[in-house]
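One-letter residues, chain by chain:
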Amino acid sequence: ISHCKFQNIGILGGGDAVDFSGSNIKVEYSDFTLISDKAISAGEKSKVEVSHVNIQDSSIGIASKDGSSTTVVDSSIINSNYAAMMAYVKKIEYGGASINALNTHIGKLGAVKSDMFSSILIDGIRVKQSKINTKQLYKTIMKSSRK
């Protein structure tokens, strides 16, 4: 995915801009603005490379979950309502996930969240892991608008 613009996604309730499952993909030179859920979501053992991407005003900028590996380079994530980046387990059969961010501007560094089974590195520094109640998140801020 290259040179794309995603705007006003999921305004009426829950919606990821791009959502990958079991994928091997690059997202580059793209802009994400006003995303009600996740701008970029990697799941189920995906390998996602993100470069030269700008994310503004999302609930979660980049999520890596369920055995996925996400690399973020030369990008910017600002004004995330819940987290700029998250790595976590939703489906235990896949295990933890990872994010490795290099030269990436994050509006609020405290808004980077990794569960106890996952890892996030920012310019080589590991983010502290914590308990994340993903079941509660999927009932609230990540709730799908589909019935």
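Definitions and cut-offs
- Residues numbered from 1 in each chain as written.
- Predicted model: local features only at pLDDT ≥ 70, side-chain atom pairs only at ≥ 80, totals over all residues.
- Heavy atoms only, no water.
- Core = buried A, V, L, I, M, F, W, Y, C linked by side-chain atoms within 4.5 Å.
- Buried < 20%, exposed > 50% of the residue type's maximum accessible area, 1.4 Å probe, protein only.
- Helix = DSSP H or I, 4+ residues; strand = E, 2+ residues; numbered from the N terminus.
- Contact = heavy atoms within 4.5 Å.
- Salt bridge = Lys/Arg side-chain N within 4 Å of Asp/Glu carboxyl O.

> Before we move on, could you go through the nonpolar core and cite the residues and values that matter?
If you look at the biggest cluster of nonpolar residues, it comprises 27 residues, and the most contacted ones within it are F32, I40, I55, I62, M85, I120 and I122. Where this core is concerned, the elements lending two or more residues are β2 (18–21), β4 (31–43), β5 (47–51), β6 (54–65), β9 (83–88), β10 (98–102) and β13 (119–122). It is β4 that provides the largest number of residues to this core, a total of 5 residues. Residues in contact with I62, not counting those within four places in the same chain, are I40, V50, I55, T70, V72, I77, A84, M85, M86 and I99.

> Give a detailed account of the pattern of salt bridges, specifying residues and quantitative values.
A side chain with one charge can pair with a side chain of the opposite charge if their charged atoms come near. One pass over the structure, following the stated rule, counts 3 salt bridges. The shortest N-O distance in the salt bridge between D37 and K38 comes to 3.3 Å. The pair D37 / K38 is uniform in exposure class, with both members buried. Where K91 meets E44, a salt bridge forms, and the shortest distance between an N and an O atom there is 2.3 Å. Of this pair, K91 sits in the loop between β9 and β10 while E44 sits in the loop between β4 and β5, and the two are 47 residues apart along the sequence. Take K91: its relative accessible area is 31%, and that puts it in the partly exposed class. Under the relative-accessibility criterion, E44 is labelled partly exposed at 21%. Overlapping salt bridges bring together D16, D37 and K38 as one network.

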